[in-house]
Amino acid sequence: MATLSMEEAIQKAQELVLDIDEDGAVQLAKDALESGLDPVRLLQEGFTVGMRRAGEMFEAEEMSLPEMIIAADCMTAALAILEEALPEASAVEKLGTVVIGTIEGDVHDIGKTIVGTLLGVSGFEVHDLGRDVAIGEFVRMAQETNADLVGSSALMTTTMVNQAKLEAALTEAGIRGNVKTMVGGAAATQHWADKIGADVYAESATETVAKAKEAVS
Ligand code: B12
């Protein structure tokens, strides 16, 4: 195998998602690791950018739903390989406890999983509730784990309203003062976070880690 450069790998990751080539995506992930490339950059600048482009193509009716499903499978398969190469948290001391999930009604979980994984390897104790998570489940888990941070992901305009409902539910349960909330996913913005009173908005997994550290410090 010829050694890959970071730029080549990023470019190839974007193309493979759009070509819906799962075997190619898996091979690229393996080759990139063998070449000693940064798995986080490959995820963020390569596969994620390709997935976003897939969404634009779907919206423009240049990609069908079944193709979008396979594109997502390509990214998930590559993620499974790259995840293993993420460095283990070096901090002996736990930075804080995070409850994270994709909000009720929404099944998009690739980005949320990357965020949860990166928070975990950065020293947070992460409770990933999965996707289409009932608002009450976020609240129950936050209470049970005495969470410092509660993060929700929303990718659709129809489901982002549930992030606002989560804010209200945490307040109603009397624990909003004890936790910081984080919102993300393609539907969320800084403006949305400000509007619903969420403490943190982040656009990417690395930005989430930086802001989560800041929020608990
Ligand atoms: C892949 C995908 C799917 C896959 C999901 C597979 C899976 N397991 O997740 C499948 C094919 C199943 C799917 C289904 C649907 N989808 Co879809 N999908 C996408 C697509 C193309 C990419 C999403 C993705 O994985 N991106 C890559 C990840 C890595 O990026 P990310 O999620 O943004 O995450 C990053 C950041 O946002 C941030 N982040 C993420 N979560 C969090 C959480 C916190 C707390 C923080 C701080 C940060 C953070 O960090 C992440 C890493 O950097 C998007 C397009 C887009 N622009 O997002 C459409 C998109 C979201 N889907 C869309 C639609 C309409 C649907 C369907 C309704 C289609 C249908 N007709 O059935 C269904 C929805 C079903 C449901 N109830 O949820 C629309 C939503 C439109 C809207 N504005 O509401 C989009 C925008 C496509 C489009 N342009 O039309 N989809």
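The subject of this paragraph is the sheet that holds strand β4 (residues 180-184). Taking strand neighbours across the sheet as the criterion, the five strands line up as β2-β1-β3-β4-β5 in an open arrangement whose pairing is parallel. Of all the strands in the sheet, just β2 (124-128) and β5 (200-201) have a single pairing partner and so form its edges. Taken together, the five bridges between strand β3 (residues 149-153) and β4 define a ladder with parallel strand orientation. Paired with L149 across the bridge in β4 is K180. Packing of helix α6 (residues 135-145) onto the sheet brings it into contact with β1 (96-102), β2 and β3, and relative to β1 it is tilted by some 165°.

Glancing now at the site of the ligand. For the ligand, the set of nearby residues contains 40 residues, the closest of which are G55, G111, G151, S153 and G184. Elements with a minimum of two residues in the shell around the ligand: α3 (39-59), α4 (65-84), α5 (110-121), β3, β4 and α9 (205-216). It is α3 that contributes the most residues to the shell around the ligand, eight residues altogether. For the shell around the ligand, the per-class residue count stands at 19 nonpolar, 15 polar and six charged.

Moving on, we come to the pairing of β1. Taken across its seven residues, β1 has five buried, putting it largely inside the fold. Relative to β2, β1 is paired through five bridges, and the arrangement is parallel. By the bridge assignment for β2, T97 is matched with E125. Across five bridges, β1 lies against β3 in parallel orientation. Paired with V99 across the two strands is V150, which belongs to β3.

What counts as what
- Residues numbered from 1 in each chain as written.
- Predicted model: local features only at pLDDT ≥ 70, side-chain atom pairs only at ≥ 80, totals over all residues.
- Pairing = 2+ DSSP bridges.
- Helix = DSSP H or I, 4+ residues; strand = E, 2+ residues; numbered from the N terminus.
- Contact = placed C-beta atoms within 7 Å.
- Axes fitted to C-alpha atoms, helices over the stretch in contact; angles between N-to-C directions.
- Near = placed C-beta within 6 Å.
- Nonpolar A, V, L, I, M, F, W, Y, C, P; charged D, E, K, R; others polar.
- Buried ≥ 20, exposed ≤ 12 C-beta atoms within 10 Å, placed from the backbone.

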